[in-house]
Each structure stands twice: as C-alpha cells, then as structure tokens.
Amino acid sequence: MNMLHASFLAWLLSFGGMAALAFAMDRHYEQLTGRREVPARRRAALRCAGALLLAGVVPPSVLGWSASVGAVATLGFWSLGALAAAGLMSWSPRYTARVAVAASLLGICLGIVFSSKV
C-alpha cells in the first residue's frame, strides 16, 4: 500500500469514527435528531462503531509508513478526522452524518480491497 492510498483510507476511517463518537454525545445527537438524549443501545452502537473505525486507522498508517512514523501518522489522522467532523457538524449535522456514513463505508470497502493486494 503506497502512502497516498494509506492517507486516503486513514482519513476516511478517522472522519467516520470521530463523527460516530460525536453523535454518541447528547449535545450533537440533539443537533442531529432534535431529541435530548441518545437511547442507550444507539449510544453503545455509535461508540463501538467509532472505536472500531478509529482502530482501523492503525493498519494503513503502519503499512503506508513504518511502525514509528505510522504511530505518529495515526494520531495526526485522528486529529484531522476530529477537525473535519467538528467543522462540518457546526455547519450541518445531518449532512455530516450522511458524509460520515459514506466515508465509513468507502473506507471499509477500500480497506478490504487494499488489504487483498498486500
């Protein structure tokens, strides 16, 4: 996996993961749905999905670079994903949710494609 593919994949997964974690919070969930509290199962599902997507950033970062640089790149991609999610959420929470779902699905599909080529 080259650095361009690793960067694109890591960014997609980071954005989706950070958006999922943000929508698991009452404040952002209310902006998205108008409801005050996140139902317990939905909160758990969003947190789990967010954690898994963020964990999925590590392999492409390590494969795109070495282990030491990949660890630093992972932190950078997590920060970039948080910045993108927060910026889009302040503009339009519903659009952010749609883009995050699309980015997550695309990231998962590309991760499967790229991992089969390694």
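Going along each chain's sequence as written, the residues are numbered from 1 onward. Per-residue local features of the predicted model are confined to residues with pLDDT of at least 70, and side-chain atom pairs are confined, for both listing and counting, to 80 or more; whole-chain, interface and lining totals are unaffected and use all residues. Side-chain numbers here rest on the full set of heavy atoms in the structure, without hydrogens or water.

A.B. asks: Even after reading the chapter, I still don't get helix H1 (residues 3-23), so can you show me in this structure?
C.D. replies: Turn by turn, an α-helix covers 3.6 residues, leaving residues three or four places apart pointing in a common direction. Look at H1: 30 Å from first C-alpha to last across 21 residues, which is about the 30 Å you get at 1.5 Å a residue. Under this definition, polar contacts are N or O atom pairs within 3.5 Å; protein pairs additionally need one hydrogen-donor-capable and one acceptor-capable atom, and for neighbouring residues in sequence, both atoms have to be side-chain atoms. Secondary structure elements are taken from DSSP: a helix is a run of H or I of four residues or more, a strand is a run of E of two residues or more, and numbering for both begins at the N terminus. For H1, the capping residue at the N-terminal end is asparagine 2, with a side-chain oxygen 3.2 Å from the backbone nitrogen of leucine 4. The length a helix should cover is 1.5 Å for every residue beyond the first.

A.B. asks: Looking at this structure, how should I read the packing of aromatic side chains?
C.D. replies: For any pair of aromatic rings, geometry is given as the distance between the ring centres together with the angle between the planes. Classification of ring pairs rests on two measures: the distance between centres of Phe, Tyr or Trp rings, Trp counted by its six-membered ring, which must be within 6.5 Å, and the angle between planes, read as stacked under 30 degrees, edge-to-face over 60 and tilted in between. Evaluated as defined, the whole model comprises three aromatic pairs. With 5.6 Å between their ring centres and 5 degrees between their planes, tryptophan 11 and phenylalanine 15 make a pair best called stacked. Residue tryptophan 11 and its partner phenylalanine 15 are both found in helix H1; the two are separated by four residues, about one turn of the helix. When the ring of tryptophan 65 is compared with that of phenylalanine 77, the centres are 6.1 Å apart and the planes differ by 35 degrees; the resulting orientation is tilted. Note that tryptophan 65 is positioned in the loop between helix H4 (58-64) and helix H5 (67-91) and phenylalanine 77 in helix H5, a separation of twelve residues in sequence.

A.B. asks: Please explain the pattern of salt bridges as it appears in this structure.
C.D. replies: Once their charged atoms are close, side chains differing in charge can pair, the charge on each being opposite to the other. For this analysis, a salt bridge means a side-chain nitrogen from Lys or Arg found within 4 Å of a carboxyl oxygen belonging to Asp or Glu. The final tally for this structure, using the stated rule, is two salt bridges. Between aspartate 26 and arginine 43 there is a salt bridge whose closest N-O contact spans 2.7 Å. On the criterion of sequence distance, the pair formed by aspartate 26 in helix H2 (residues 26-33) and arginine 43 in helix H3 (residues 40-55) is long-range, its members being 17 residues apart. Close ionic contact of arginine 36 with glutamate 30 constitutes a salt bridge, the shortest N to O distance being 3.6 Å. We classify glutamate 30 as partly exposed; its relative accessible area is 30%. Per-residue accessibility, obtained with a 1.4 Å probe over protein chains only, is compared with the maximum for each type, and a residue is labelled buried under 20%, exposed over 50%, and partly exposed between these values.

A.B. asks: Please clarify how the state of the cysteines should be interpreted in this entry.
C.D. replies: What we call a disulfide is simply a covalent bond connecting the sulfur atoms of a pair of cysteines. Two cysteine sulfur atoms form a disulfide, by the criterion used here, when they sit within 2.5 Å. Taken as a whole, this structure holds zero disulfides when the rule is applied. Here cysteine 48 stays free of any disulfide, with the sulfur of cysteine 109 as its closest cysteine sulfur at 18 Å. Note on cysteine 48: relative accessible area 43%, which makes it partly exposed. A relative accessible area of 46% places cysteine 109 in the partly exposed class.

A.B. asks: Whenever I open this one, the environment of glycine 64 confuses me. Can you help?
C.D. replies: On the secondary structure map, glycine 64 appears in helix H4. Sequence spacing of glycine 64 and tryptophan 78 is 14 residues, and the spatial spacing of their C-alpha atoms is 16 Å. Every residue in contact with glycine 64, bar those within four places of it in the chain, is listed here: Met1, Met3 and Ala6. The contact criterion used is simple: two residues touch if any of their non-hydrogen atoms lie within 4.5 Å.

A.B. asks: I keep staring at the nonpolar core and nothing clicks. Help me out?
C.D. replies: One broad rule of soluble globular proteins: the nonpolar side chains tend to lie buried together. Only buried residues count toward a nonpolar core. Its members are Ala, Val, Leu, Ile, Met, Phe, Trp, Tyr and Cys residues joined through side-chain atoms within 4.5 Å. Counting 22 residues, the largest nonpolar core has Phe23 and Ala85 as the members making the most contacts within it. Put simply, the parts of the chain that give this core at least two residues each are H1, H3, H5 and helix H6 (93-117). For this core, the leading source of residues is H1, giving nine residues. Ignoring sequence-local partners within four residues, the contact set of alanine 85 consists of Phe15, Met18, Ala19 and Thr96.

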